Amino acid sequence: MNAATEFTRTPVTVTVTGAGGQIGYALLFRAASGQLLGHDVPVNLRLLEIPQGRAAAEGTALELQDGAFPLVSSITVTEDATAAFDGVNIALLVGARPRGPGMERSDLLEANGAIFGPQGAAINTGAASDVRVLVVGNPANTNALIASAHAPDVPAERFTAMTRLDHNRAVAQLAAKLGVPVSAIDGLIVWGNHSASQYPDISHATVHGRPVTELVDEDWLAHEFIPRVAKRGAEIIEVRGSSSAASAASAAIDHVHDWVSGTGERWTSAGVVSDGSYGVPEGLVSSFPVRSAGGAWEVVQGLDIDAFSRARIDASVAELVEERDAVRALGLI
Ligand SMILES: NC(=O)c1ccc[n+]([C@@H]2O[C@H](COP(=O)([O-])OP(=O)(O)OC[C@H]3O[C@@H](n4cnc5c(N)ncnc54)[C@H](O)[C@@H]3O)[C@@H](O)[C@H]2O)c1
Ligand SMILES: O=C(O)C[C@H](O)C(=O)O
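Residues numbered from 1 in each chain as written. Chains lettered and ligands numbered in written order. Predicted model: local features only at pLDDT ≥ 70, side-chain atom pairs only at ≥ 80, totals over all residues. Heavy atoms only, no water.

One can describe the packing of helix α1 (residues 22–33) onto helix α2 (residues 51–66) by two numbers: an axis separation of 11 Å at closest approach and a directional angle of 30°. Here α1 is positioned roughly parallel relative to α2, judged by the angle of their axes. Between α1 and α2 lies a crossing of right-handed hand. Here Tyr25, Leu28, Phe29 and Ala32 of α1 come into contact with α2, specifically with Thr60, Glu63 and Leu64. Grouping the amino acids of the contact of α1 with α2 by side-chain chemistry returns 5 nonpolar, 1 polar and 1 charged. (Axes fitted to C-alpha atoms, helices over the stretch in contact; angles between N-to-C directions. Helix = DSSP H or I, 4+ residues; strand = E, 2+ residues; numbered from the N terminus. Parallel < 35°, antiparallel > 145°, perpendicular 65-115°, else oblique. Left-handed = near helix turned anticlockwise from the far one by under 90°. Contact = heavy atoms within 4.5 Å. Nonpolar A, V, L, I, M, F, W, Y, C, P; charged D, E, K, R; others polar.)

Spatially, β7-β10-β11 is the arrangement adopted by the 3 strands of the open sheet, whose pairing is antiparallel. Single-partner strands in this sheet number two, and they are β7 (185–186) and β11 (210–211). Relative to β11, strand β10 (residues 206–207) runs antiparallel, the two being bridged by 2 bridges. Across the sheet, threonine 206 pairs through a bridge with proline 211, a residue of β11. (Pairing = 2+ DSSP bridges.)

Residues annotated by UniProt as "binding site: substrate" (unreviewed entry) correspond here to Arg99, Arg105, Asn138 and Arg169. Maximum C-alpha separation among the annotated residues is 25.2 Å over a sequence range of 71 residues, too wide for a single clustered spot. In the annotated set above, the residues contributing to the lining of the largest pocket are Arg99, Arg105, Asn138 and Arg169. With near-sequence residues (within four places) excluded, arginine 99 lies in contact with Glu104, Arg105 and Leu108. (UniProt positions renumbered as here; feature names shortened; annotations may be inferred. 1 Å grid on protein atoms, 1.4 Å probe; cavity = no way out; pocket = protein on both sides within 12 Å on 5 of 7 lines; lining within 4 Å.)

Moving on to the site of ligand 1. Surrounding ligand 1, one finds 23 residues, the nearest of these being Gln22, Ile23, Glu49, Val136 and Asn138. Glutamine 22 places a polar main-chain atom, nitrogen or oxygen, 2.9 Å from an oxygen atom of ligand 1. Contact between ligand 1 and methionine 162: a nitrogen atom at 3.3 Å from a main-chain N or O atom of the residue. Against a free-state accessible area of 870 Å², the protein chains account for coverage of 82% of ligand 1. For ligand 1, the cavity whose grid points lie within 2 Å of the majority of its atoms is the largest pocket. Secondary structure elements with two or more residues in the shell around ligand 1: α1 and α4 (105–126). In terms of residue class, the shell around ligand 1 is built from 10 nonpolar, 12 polar and 1 charged. (Near = heavy atom within 4 Å. Polar contact = N/O pair within 3.5 Å; in protein donor to acceptor, adjacent residues only side chain to side chain. Areas by Shrake-Rupley, 256 points an atom, 1.4 Å probe, with all protein chains shown as cover. Sits in = over half its atoms within 2 Å of the grid points.)

This part is about α2. In this model, α2 (16 residues) spans 23 Å end to end at C-alpha, consistent with the 22 Å of a helix rising 1.5 Å per residue. Listed as buried for α2 are Gly53, Ala57, Thr60, Ala61 and Leu64. Down the axis of α2, the buried side of the element spans an arc of 105°, and every buried residue falls inside it. Along α2, the residues that are exposed and aim more than 90 degrees away from the buried face are Ala55, Leu62 and Asp66. Along its buried surface, α2 packs onto α1, β2 (43–48) and β3 (72–78). Alanine 68 lies just past α2 and shows a positive phi near 45°. (Expected span 1.5 Å × (residues − 1). Buried < 20%, exposed > 50% of the residue type's maximum accessible area, 1.4 Å probe, protein only. Arc of directions from axis to C-beta.)

This is how it looks when you write it as structure tokens:
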């Protein structure tokens, strides 16, 4: 729509599913402004919706046009996954089926399998060779596993799940407790599933280079910090009346930006396919401590895991194994 005539770079194609929803509304404007991929990178924005969400996505597209973003090369709204993912470089899979009244967890997995399987297949067929996928829609880790299983020609490490919101929440809680800016904290980790079983781990974290474990007590850690971070999604729903949206969009921007641009020596957390590191079964999409270099995530290796951490990592990974086994039993992977 807006011709990015002054940019000589080929536009990067960014597809957002669930584009008519809350997160889509917050995410697309930041992608349009250059915060996702850089302030010199033009973008083609593809907005994928289902019929019920189409009008909202069309409205968002009109507002994106009205933003007159110099980096936006084109805006397309579609209900066709094949068209949405044709040539896609960055796929942000946000649209998902929320748990409805009377729905069991297996119903939720099955309903989302029907979304993420075909979307994975459409990515397999049409995506650009450098495609990078971030799954935001819940249950994010297992949805990423499903999508990846339907995209055998795309390297599994290109499918990731968002645990950056959990990471950011943990950093913010710790910074508030210690009375320091968030930028002073490094080495924090979120392990496992994006669910209440996740383990926000401070045992390797530093503040201004000093170990955080010297500054907080175990009681606060076990009874305040860990449950507060792990249940923050529920707290937001209770206070706000709907689930986190702008903070989730912000975390998605952080995840993709760091993936593409690199983290340097700093760590963050991301749901990535396990290579067996830290005893997490190979092939599961689990949250790990990661750095990004050369456009690829790498798990930070060689960390000592104490008994307190081991038990919590194992519990969250056990939940991921259960989810994987459930979607396997349903024939979704
Ligand atoms: N990983 C995280 O940290 C995190 C954080 C917050 C929310 N979430 C999850 O993100 C998802 C989206 O949240 P939201 O607040 O934007 O929800 P929302 O209900 O406002 O929007 C979701 C949109 O997805 C659309 N949609 C459903 N199925 C689709 C499909 N097959 N293809 C394309 N679009 C489809 C719906 O029509 C709707 O417009 C939810 O699953 C939520 O639980 C994850
Ligand atoms: O917890 C939820 O259902 C919403 C989301 O995953 C969140 O972490 O805010």
